[in-house]
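Residue-level structural notes
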Amino acid sequence: MADYYCQAVFDEDIPASAMTPIERVILDGTFQSETYGEDDPGPDRVYFFAETGIADQFSIDARELSQAVLATLAADPSAAGKALELALDALKPVTAADGTIEDGDIDVTVNDDWMQILQDICKRHDDLPEIIIHQAFTCSKMNTDGFGGGIIRVTAGAIQNESTQSMLEKMRAEVPVA
């Protein structure tokens with residue numbers, strides 16, 4: 001049986017201050033990350049990447065997720081976007097009628113909504129006009145369906161996504177085989 005991987009790297013670091021607490025929690029659950037401090041390449045910057053795959057779903061302590069929601073709402077309720085929506089959906093089953101949160105881990109389902117979270121960040125920050133993510137699709141066996149790549153460009157106004165397969169289809173349409 002073959003193992004399929006989707007590695008990903010971001011072109012640019014994202015300022016930690018550009019993300020709401022809940023966006024940071026969701027992105028940290030979806031990707032791996034490294035944070036740079038004052039002595040590193042850029043203060044207050046986060047580098048996101050995926051060594052083996054971008055998580056469609058991740059587990060987190062319900063109270064930790066709830067704290068990130070409350071911190072986001074306290075800091076700037078108008079910044080609440082897709083990340084807050086995902087968090088609130090995940091918290092519904094463990095939230096009592098009086099608003100208390102049950103102990104334990106819960107699953108947060110992200111799927112491709114991380115792109116919209118990045119777009120929310122771009123919309124709030126003019127100094128972050130675009131976020132570019134490069135992807136490499138690989139496989140543990142030499143299966144033709146297990147290789148390729150893609151690029152994603154996220155701006156305040158659009159989310160663009162092209163795979164090597166879609167690029168090949170465009171090439172064939174532009175210059176058909178004789």
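These lines cover the structure that appears in this document, whether it is placed above or below. (Residues numbered from 1 in each chain as written. Predicted model: local features only at pLDDT ≥ 70, side-chain atom pairs only at ≥ 80, totals over all residues. Heavy atoms only, no water.)

Applying the stated criterion across every chain, the model contains five aromatic pairs. On the numbers, 5.1 Å between centres and 90 degrees between planes, the contact of Phe10 with Phe31 is edge-to-face. With Phe10 in strand 1 (residues 4-10) and Phe31 in the loop between helix 1 (21-30) and strand 3 (32-36), this residue pair connects regions lying 21 residues apart in the sequence. Measuring from centroid to centroid gives 5.7 Å for Phe10 and Phe48, while their planes differ by 45 degrees, and the two rings are tilted. Of this pair, Phe10 sits in strand 1 while Phe48 is found in strand 4 (residues 45-50), placing the two residues 38 residues apart along the sequence. Of the aromatic side chains, those joined through ring pairs into one cluster are Phe10, Phe31, Phe48 and Trp114. (Phe/Tyr/Trp six-rings, centres within 6.5 Å; stacked < 30°, edge-to-face > 60°. Helix = DSSP H or I, 4+ residues; strand = E, 2+ residues; numbered from the N terminus.)

This structure, assessed with the given rule, holds seven salt bridges. Linking Glu85 and Lys82 is a salt bridge whose minimum nitrogen-to-oxygen distance equals 2.9 Å. Separated by three residues within a single helix, Glu85 and Lys82 lie in helix 3 (residues 82-91), roughly one turn from each other. When its relative accessible area of 40% is taken as the criterion, Glu85 is described as partly exposed. A salt bridge links Lys92 to Asp89; the shortest N-O distance between them is 3.5 Å. Lys92 sits in the exposed class, given a relative accessible area of 59%. (Salt bridge = Lys/Arg side-chain N within 4 Å of Asp/Glu carboxyl O. Buried < 20%, exposed > 50% of the residue type's maximum accessible area, 1.4 Å probe, protein only.)

Let us now look at the environment of Ser78. Relative to the assigned elements, Ser78 resides in the loop between helix 2 (62-75) and helix 3. When its relative accessible area of 65% is taken as the criterion, Ser78 is described as exposed. Along the backbone, Ser78 and Pro93 are 15 residues apart, and their C-alpha atoms lie at a distance of 25 Å.

Further remarks concern the pairing of strand 1. Bridging between strand 1 and strand 7 (residues 130-139) involves seven bridges; their strand directions are antiparallel. Bridging across to strand 7, Tyr5 finds its partner in Thr138. With two bridges connecting them, strand 1 and strand 4 associate as antiparallel partners. By the bridge assignment for strand 4, Ala8 is matched with Ala50. (Pairing = 2+ DSSP bridges.)

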